[in-house]
Amino acid sequence: MTENETNPKYGDGADGSGPRTADKSAQGVVVAFGQTMKTLRLRAGMDRDELGRRLGYSAATIASFEQGRRIPSPRTIDKTDEVTDAGGLLTLWKEEVERAQYPPFFQGMAQLEKEAMELQMYDALVVNGLLQTEEYMRALLDMRRPPLDPETIEQRVAARLARQEILGRRPATLLSFIMDESVLRHRYGGKPILQGQLEHLLLVGARRNVELQVLPTACDDNAGVNGPFTVVMRRDGKRFLYVEAQVTSKLETDPEQAGLASARYGIIRSQVLTPRESLEFIERLLGEL
């Protein structure tokens, strides 16, 4: 495998298997986990109502977990293992089940985020997933065509919210976000949702490990005209370039390409508003709503 080929650990089906095969594989993991969970529940002599009470869920939700229609959080898996006296049989599934909650094309990037020391993100279409409110997420997912089923939407929302723990992680991950002004003006889902999203950006932008910058539409230069991208620097110093379009993605492991993308990000950063100016800009947009 050459440096710029997809690493299986971080891959997205680019080996020819494609998203369809990856989707089936992920669903198989979820179904197998659900069957294991049901077996251990029955072995412990509990019905779904009892397990639900002990976990804080309804019997219907337990059924969804067991039938592979809904993916439990890592915390729920730990608690279920404890309550059913599974001896670690369920916790062994945590990593695979967590990976399965992401779309196949994003699974590699989700893993890299956990290992990141720094993320540099340029967005030109929508607010970055790490910054989205739950209402904004749901508005975007509801607009997908072909439509997503309700279970998939719930899984995507839960997964995206779980990713946002990176904002408060210790030791802190350095997070740099640059977004086009147009991203902040689109009223996806309506005015109240955009208002809540802008308010959230002001709160997150005040964090010490977060730099949030805006590229005004009046700006004459933009080194990011080729589209959105993310540069990940892992704690071992290795950089990766992640680019996503439609339902495909590419995770570039070639050090030269990742280095060039990081340099390009630096140029974009020099062309945009400063973090302080950007927060003031967002405040003005909020006042215009």
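How each quantity is defined
- Residues numbered from 1 in each chain as written.
- Predicted model: local features only at pLDDT ≥ 70, side-chain atom pairs only at ≥ 80, totals over all residues.
- Heavy atoms only, no water.
- Helix = DSSP H or I, 4+ residues; strand = E, 2+ residues; numbered from the N terminus.
- Rg over C-alpha atoms; globule rule 2.2 N^0.38 Å.
- Buried < 20%, exposed > 50% of the residue type's maximum accessible area, 1.4 Å probe, protein only.
- Contact = heavy atoms within 4.5 Å.
- Areas by Shrake-Rupley, 256 points an atom, 1.4 Å probe, with all protein chains shown as cover.
- Lys, Arg positive; Asp, Glu negative; His and termini not counted.
- Charge placed at Lys NZ, Arg CZ, Asp CG, Glu CD.
- Salt bridge = Lys/Arg side-chain N within 4 Å of Asp/Glu carboxyl O.
- pLDDT = per-residue confidence, 0-100.
- Polar contact = N/O pair within 3.5 Å; in protein donor to acceptor, adjacent residues only side chain to side chain.
- Pairing = 2+ DSSP bridges.
- Axes fitted to C-alpha atoms, helices over the stretch in contact; angles between N-to-C directions.

1. Some details on the overall build of the chain
No. 1: Looking only at helices and strands, the chain has 12 helices and six strands in total.
No. 2: Taking 19 Å as the expected radius of gyration for a compact globule of 289 residues, we find that the chain reaches 21 Å, a close match to that expectation.
No. 3: With the C-alpha coordinates of the chain rotated into their principal frame, the extents come out at 65 × 50 × 40 Å.
No. 4: Within the chain, buried positions represent 47% of all 289 residues.
No. 5: Nonlocal contacts in the chain, meaning residues at least 24 apart in sequence, comprise 72% of its contacts between residues at least 6 apart.
No. 6: Surface summary for the chain: the accessible area is close to 14700 Å², and the carbon and sulfur share equals 50%.
No. 7: Across the chain, the 38 positively charged side chains and the 42 negatively charged ones have centroids separated by 4 Å.

2. Observations regarding the pattern of salt bridges
No. 1: Counted under the stated rule, the structure contains 16 salt bridges.
No. 2: Where Arg99 meets Glu95, a salt bridge forms, and the shortest distance between an N and an O atom there is 3.0 Å. Separated by four residues within a single helix, Arg99 and Glu95 lie in helix H5 (residues 94–100), roughly one turn from each other.
No. 3: Arg234 is the partner of Asp236 in a salt bridge, and the nearest nitrogen-oxygen pair spans 2.8 Å.
No. 4: What makes Asp236 exposed here is its relative accessible area of 54%.
No. 5: Residue Arg234 is classed as buried on the basis of its relative accessible area of 16%.
No. 6: Through salt bridges with shared partners, a single network forms among Arg41, Arg48 and Glu66.

3. With respect to the confidence of the model for the chain
No. 1: The pLDDT averaged across the chain works out to 89; a share of 91% of its residues lies at or above 70.
No. 2: Low pLDDT, under 50, characterises residues 1–22; the stretch is placed with 37 contacts to residues that sit more than four places away or in other chains.

4. Remarks on the side chain of Glu181
No. 1: Within the secondary structure, Glu181 sits in helix H9 (residues 181–185).
No. 2: The exposure class of Glu181 is buried, given its relative accessible area of 8%.
No. 3: A distance of 2.9 Å separates a polar side-chain atom of Glu181 from the backbone nitrogen of Thr217.
No. 4: Apart from residues no more than four positions distant in its own chain, Glu181 is found in contact with Val214, Leu215, Pro216, Thr217 and Phe281.

5. Observations regarding the sheet that holds strand E3 (residues 210–215)
No. 1: Strand order in the open sheet made by the six strands is E3-E2-E1-E4-E5-E6, with mixed pairing throughout. Two strands in the sheet have a free side with no partner beyond their single neighbour: E3 and strand E6 (248–252). Averaged over all pairs of adjacent strands, the angle between their axes in this sheet comes to 15 degrees, without regard to strand direction.
No. 2: Across six bridges, strand E2 (residues 174–180) lies against E3 in parallel orientation. Residue Asp180 lies in a different strand from E3, and its bridge partner there is Leu215.

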